Amino acid sequence: MSDARTVAEEAFRRESGRALAGLIRVLGDFDLAEDAVQDAFVAALEHWPRDGVPDNPGAWITTTARRRAIDRLRRARVLSEKQAVLQAEADAEARLTTGRPTVDEIEAHGVIPDDRLRLIFTCCHPALSPEGRVALTLRTLGGLQTDEIARAFLVPEVTMAQRLVRAKRKIRDAGIPFRVPPDELLPERLDSVLSVLYLVYNEGYLASSPAAAIRHDLSAEGIRLARLLVDLMPDEPEAIGLLSLMLLHDARRAARIGPDGALVILDEQDRTIWDRALIDEGNGLLERAASMRRPGPYQLQAAIASVHDDAPTAGATDWPRIVALYDRLRALSPSPVVDLNRAAALAMAHGPDDGLAEIDRLAADGRLGGYHLLHAARADLLRRAGRRREAAEAYRRALAATVNPAEVAYLERRLGEVTADA
Amino acid sequence: MQYLLLIYTEEIDPATVPAADQEAEMTAYRAFTREVTDRGYMRGGDALEPSSTATTVRVREGRTLISDGPFAETKEVLGGYYLIDCPDLDTAIEMAAKIPSAARGSIEIRPVWELPMSATPDAVMAAADAG
């Protein structure tokens, strides 16, 4: 029974986003739509474990949630004269009974109108706070509960609940439209969507905080959302590039943390346990994106990850090609972090001294001063150049700015090596 | 929906601005106002006297407290506004970005709060039926 319940819960979570998106479009009200989908969830937990998950769970959820929404509106009408509710009901009933096809009709034609793309763009609207965008995307499209999102981002549940309320309220009260943006706005708005999804993924992958086990789910969620975006926008090379990037990084997950919980850097990873299926899928996506001839930062980062993933050993990596890819990335979206990564690749291609010169230039410009990876990268190059005393100093500075336990463990091991008696 | 577009800029002494620049700014504002009007969004708008003319009033425990100057001392000050009625926030953002001062100052977009009980249920139902 509990297995059947788990299956039902998972199926519901996977399939409910579409119903929610459709209800938000019809109702123009996130809260009412969420309540109706929650009602459908309760109903699903009653029926599905007993009768099995229906053949078309998405349509089942849509039908049930719609009926519950109408029930709720009717009840609200009796209890309250508030014009907003009446208006919503008038709109909803008109659309449910006339303009829109019924679920039976939809099933007969095999098409469910998909409003999830509108929902993604609305949740990632740049007029919302960045934290609000992430939270709302996970809540509505990821189907995560508020307490789950709160735990993943290590904030109290009440804080996360407020964040969600504020975002939903702003969508309603500031008149943020529920739509896919018109062409002239699309590039800018798509950037916001991609960065939200990448942030979700990276929170899980890089875990800027110690609760690593819980956060694993976030990278899976980021991948799931990126897959959804690619399904919905199959002609957007940067969306495909982002999914490719996630998969090409995720392929190394098992090799990235050692048995002692310490981070294993790329050079030292056991490449035989990299996930070949993920690498193949990532490379396939990258080719598909590249064939569209509209390069972008995510595709370039995926290309860099792909060069790494295809190298049998760190030494056999095509470092000059990686440097060249970073040059193109730098031209397209300049950032000191890209410069830092380029410097590290340069060191591999031409020796540590070239890389160190670049890093020292970066350190002098000051923008990366508190960034632990600057000190960590510099420390690694000093170590490889045999400048142990300076390396130790750099490892100490990196440690002072690092909170992630796997990274701390790695840096401590290196510090031990360079301070041990030769 | 109605939006108030609040125009914040650094105050510059007009005496230091060449006449040609002032004229160009006026022309740009006239063109913007014409566009807002032509698109049917215009509900109002004005430029304000400089913040040195501002007076701030507070009533505390029945006493009216009056002070010279704006409510908050900031580098950019409120210099004017437009009140527009347009379909959604994206349209309001599009219009705000076209305000000539957006290129050097900031435009704050504030939706106007619509009183939920301002219309009678009958009127709302009639409007919904018509829509």
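Here the structure is shown first, and the text comes after it.
This part is about the packing of helix H19 (residues 372–384) of chain A against helix H20 (residues 388–400) of chain A. Residue and element names in this part refer to chain A. Packing of H19 against H20 leaves a shortest axis separation of 8 Å and a crossing angle of 160°. One finds that H19 runs roughly antiparallel with respect to H20. Two packed elements cross with a definite hand, and for H19 against H20 that hand is left-handed. Along its contact with H19, which presents His372, His375, Ala376, Arg378, Ala379, Leu382 and Arg383, the element H20 presents Arg388, Glu390, Ala391, Ala394, Tyr395, Arg397 and Ala398. Each residue belonging to the contact of H19 with H20 can be placed in one class, and the counts come to 7 nonpolar, 2 polar and 5 charged.

This part takes up the sheet that holds strand E5 (residues 76–85) of chain B. Residue and element names in this part refer to chain B. The strand order across the open sheet formed by 4 strands is E2-E5-E1-E6, and the pairing between neighbours is antiparallel. The outermost strands of the open sheet, each flanked by one partner alone, are strand E2 (42–47) and strand E6 (106–111). Pairs of neighbouring strands in the sheet enclose a mean axial angle of 20°, with direction left out of account. Pairing geometry for strand E1 (residues 2–10) and E6, over 6 bridges, is antiparallel. Bridge assignment links leucine 4 to a residue of E6, and that residue is arginine 110.

All names here are of chain A. The biggest cluster of nonpolar side chains holds 122 residues, and the ones touching the most others in it are Leu23 and Leu197. With 9 residues, the single largest contributor to this core is helix H1 (residues 2–27). Among residues more than four places away in sequence, those in contact with leucine 23 are Ala33, Ala36, Val37, Ala65, Arg66 and Ala69.

The next thing to look at is the pairing of strand E3 (residues 55–60) of chain B. Residue and element names in this part refer to chain B. Counting buried residues in E3 gives 0 out of 6 residues, a small share hidden from the surface. Pairing analysis gives 6 bridges linking E3 to strand E4 (residues 63–68), with the strands arranged antiparallel. Looking at E4, one finds that arginine 60 is bridged to arginine 63. Between E3 and E4, which pair antiparallel in sequence order, lie 2 residues; one of them, glutamate 61, sits at a positive phi of approximately 50°.

The rules behind each value
Residues numbered from 1 in each chain as written. Chains lettered and ligands numbered in written order. Predicted model: local features only at pLDDT ≥ 70, side-chain atom pairs only at ≥ 80, totals over all residues. Axes fitted to C-alpha atoms, helices over the stretch in contact; angles between N-to-C directions. Helix = DSSP H or I, 4+ residues; strand = E, 2+ residues; numbered from the N terminus. Parallel < 35°, antiparallel > 145°, perpendicular 65-115°, else oblique. Left-handed = near helix turned anticlockwise from the far one by under 90°. Contact = placed C-beta atoms within 7 Å. Nonpolar A, V, L, I, M, F, W, Y, C, P; charged D, E, K, R; others polar. Pairing = 2+ DSSP bridges. Core = buried A, V, L, I, M, F, W, Y, C linked by C-beta atoms within 7 Å. Buried ≥ 20, exposed ≤ 12 C-beta atoms within 10 Å, placed from the backbone.

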